[in-house]
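# Structural overview
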Amino acid sequence: MAASMWKILRNNVSRKNLYRLLFDPKLAIFSMCALLLAELVVNILVIKKIKYTEIDWKAYMQEVEGVVNGTYDYTKLKGDTGPLVYPAGFVYIYLALYYITSYGHNIRLGQYLFAGLYILSLVVLFDIYRKTNKVPPYAFVFMCCASYRIHSIYVLRLFNDPVAMFFMYLAVCCFLRDRWAVGCLIYSFGVSIKMNLLLFSPALLMVMMVRLGTLSTIGHLAICAAPQVVLAIPFLLENPVGYIVRSFNFGRQFFYVWTVNWRLIPEDIFLNKYFQTALLLAHVLTLLLFFMFKWRRLYPKVKFGIWMQGCNTNLSPNQILLPLCTANLIGMSFSRSLHYQFYVWILILGVIELCWNTYPSTVISSSMLHLCHAFLLYTLWTSPEYTPTVKKAVATKME
């Protein structure tokens, strides 16, 4: 009888420990370590077993090869897919890859380098989630191992989006540690690789104003600007207008054949300037609505205005991450075109994964993606995080 009771007790303890390992955010470190090892194996298997697909790598190498040959006029740098349209940081990163991979020919080595970038990105992302102390460990499985599209973007396509997002995640880690100057420097370098990171900038400006105050924010904006100028000096000296127009071209047209989110409308509407202007206005309006009615509630003791003093204490992870991630989602929701490599901008589950894995995109997949974005924006809008009294009541009830 004693042996039976001991067995029952041991089983109950084992079940309790297993439950905590799966659902307790405080124990997420164990699942994170296990997933990093699993991802190392998965990436190696993907590289060895699945055929590499050429999309942009060759064009990237052709674009930076122009710089190797002494061309610093951005209007003359191009590849098979068209002209170079990324800022100077992209050139330096892929110039390094150009030499490391034997002038771009050793693609397998490039794949392993991107596998390493993927693992590093996971380490940084896991650190961000660990800081929030809210995500249950089981969710990380769906975030990484279960996503075919993410692995494809990194190790089978070698796009520049993962490189830019790595620096964004690293910058966020610095912001969470109250290292704003370093974070701004890293963020700016990410923007210099691909300017989609500017989607975070409205929320980042607000958060810096809250934490640092107006005067210090101006100084940190100078830190953001400095890498853009320094990295671009060779190209600015050659053709400043050409560099600015090409690398920060906000008006360039996207190909309808690659769009994931607007397959539900005809191509003539997709390319219509009025439609694109309407998306921009909707984007700005939604940002303003969240700022006026939601984001400001995260800082109940802060008096907003043009001249702000800043906080005397560090911001909580929620006060930093919620506006940043919301701003990025708003930008994606009203984007003129989302392409398949853009999936690394945001990591969410279920139907969105299905939408991004549908190629070519269809009316149904594009419509479902918009519905998912709308649902996420709605849940963010109604989040109790923006209403401290409700949040406190919920926490009290749970206790």
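In this numbering scheme, every chain counts its residues from 1 along its sequence in written order. Per-residue local features are limited, in this predicted model, to residues with pLDDT of at least 70; the limit for side-chain atom pairs, both in listing and counting, is 80 or more; totals at the level of whole chains, interfaces and linings are taken over all residues. Hydrogens are left out, water is left out, and the side-chain values use all remaining heavy atoms of the structure.

The chain has the name dolichyl-P-Man:Man5GlcNAc2-PP-dolichol alpha-1,3-mannosyltransferase in an unreviewed UniProt entry, where Crassostrea virginica is given as its organism. UniProt positions are given in the numbering used here, feature names are shortened, and annotations may be inferred rather than shown by experiment. UniProt, in its Subcellular location (unreviewed entry) section for the chain, records the words "Endoplasmic reticulum membrane". The Pathway (unreviewed entry) comment attached to the chain in UniProt states, word for word, "Protein modification; protein glycosylation."

Take the overall build of the chain next. Secondary structure follows DSSP: runs of H or I at least 4 residues long count as helices, runs of E at least 2 residues long count as strands, and numbering of each begins at the N terminus. Per the secondary structure count, the chain includes 18 helices and 2 strands. Think of it in three bands: residues with accessible area under 20% of the maximum for their type are buried, residues over 50% are exposed, and the middle band is partly exposed, with areas taken using a 1.4 Å probe on protein chains only. Burial statistics for the chain: of 399 residues in total, 48% are counted as buried. In this description, contact between two residues means that some pair of their heavy atoms is separated by no more than 4.5 Å. When contacts within the chain are restricted to residue pairs at least 6 apart in sequence, long-range pairs at least 24 apart make up 74% of them. Working note: accessible area of the chain is about 20,300 Å², and carbon and sulfur atoms make up 69% of it. For the accessible areas, the method is Shrake-Rupley and the probe is 1.4 Å, while residue cover comes only from the protein chains on display.

Another point: a nonpolar patch on the surface. On the surface, Leu18, Tyr19, Leu22, Phe23, Tyr138, Val141 and Phe142 cluster together to form a nonpolar patch covering roughly 680 Å² of accessible area. With 4 residues, the top contributor of residues to the nonpolar patch is helix H1 (residues 2–23). Only residues whose relative accessible area exceeds 30% and that form no salt bridge are eligible for patches; like-charged ones are grouped when within 9 Å, while nonpolar side chains (Val, Leu, Ile, Met, Phe, Trp, Tyr) are grouped when within 5 Å. Here, a salt bridge means any Lys or Arg side-chain nitrogen found within 4 Å of an Asp or Glu carboxyl oxygen.

Following the UniProt record, one finds the feature "transmembrane region" (unreviewed entry) at residues 21–47, 84–100, 112–129, 163–180, 186–206, 218–237, 274–293 and 342–359. For residues 218–237, helix accounts for 100% and strand for 0%, while the C-alpha atoms at its two ends are 26 Å apart. For residues 274–293, the end-to-end C-alpha separation is 28 Å, with 100% helix and 0% strand making up the annotated structure.

Axis definition: a line fitted to C-alpha atoms, over the contacting stretch in the case of helices. Angles run 0 to 180 degrees between N-to-C directions. Contact pair helix H4 (residues 88–100) / helix H11 (residues 214–238): the axes reach a minimum separation of 8 Å and the direction vectors enclose 95°. Looking at the two axes, H4 sits roughly perpendicular to H11. Contacts from Ala88, Gly89, Val91 and Tyr92 of H4 reach H11 at Leu231, Ala232, Pro234 and Phe235. Split into classes, the residues belonging to the contact of H4 with H11 amount to 7 nonpolar, 1 polar and no charged. Angles below 35 degrees are treated as roughly parallel, those above 145 as roughly antiparallel, those between 65 and 115 as roughly perpendicular, and all remaining angles as oblique. We call Asp, Glu, Lys and Arg charged. Ala, Val, Leu, Ile, Met, Phe, Trp, Tyr, Cys and Pro are nonpolar, and the rest, Gly among them, are polar.

Before going further, it helps to examine the environment of Ile107. Tracing the sequence through the fold places Ile107 in helix H5 (residues 107–132). Assessed through its relative accessible area of 22%, Ile107 is described here as partly exposed. Here the alpha-carbon distance between Ile107 and Tyr52, two residues 55 residues apart in the chain, equals 8.6 Å. Filtering out sequence-adjacent residues up to four positions away, Ile107 remains in contact with Tyr52, Trp57 and Leu158.

Before going further, it helps to examine the packing of aromatic side chains. The pairing test for Phe, Tyr and Trp rings, Trp by its six-membered ring, is centres within 6.5 Å, and the orientation test on the planes gives stacked under 30 degrees, edge-to-face over 60, and tilted for anything in between. One pass over the full model with this rule turns up 22 aromatic pairs. For the pair Tyr74 and Phe235, a centre-to-centre distance of 5.0 Å together with 75° between the ring planes defines the contact as edge-to-face. Note that Tyr74 is positioned in the loop between helix H3 (57–68) and strand S1 (78–79) and Phe235 in helix H11, a separation of 161 residues in sequence. In this structure Tyr74 comes out as buried when scored by relative accessible area, which is 0%. The exposure class of Phe235 is buried, given its relative accessible area of 2%. Linked through ring pairs, Trp57, Tyr60, Tyr86, Phe90 and Tyr94 together constitute an aromatic cluster. Here, a charge over a ring is recorded when the distance from Lys NZ or Arg CZ to the ring centre is within 6 Å and its angle to the ring normal is within 35 degrees. Positioned over the ring face of Trp381 is Lys294, at 4.8 Å from the centre of the ring.

Attention shifts here to the environment of Met308. With respect to the secondary-structure elements, Met308 resides in the loop between helix H14 (273–293) and helix H15 (317–333). Using a relative accessible area of 6% as the deciding quantity, one classes Met308 as buried. Separated by 93 residues in the primary sequence, Met308 and Leu215 place their C-alpha atoms 8.1 Å from one another. With sequence-adjacent residues up to four places away left out, Met308 is seen in contact with Met209, Val210, Gly213, Thr214, Val302 and Lys303.

On to the nonpolar core. Each nonpolar core is a collection of buried residues, namely Ala, Val, Leu, Ile, Met, Phe, Trp, Tyr and Cys, held together in the definition by side-chain atoms within 4.5 Å. Within the largest apolar cluster, 94 residues are counted, with the highest numbers of intra-cluster contacts made by Tyr94, Trp180 and Tyr187. With residues near it in sequence (within four places) discarded, Trp180 still touches Phe175, Leu204, Val207, Met208, Arg211, Leu212, His220, Leu315 and Ile320. Formed by 6 residues, the second largest nonpolar core is a distinct cluster that contains Trp262, Ile265, Phe270 and Leu279.

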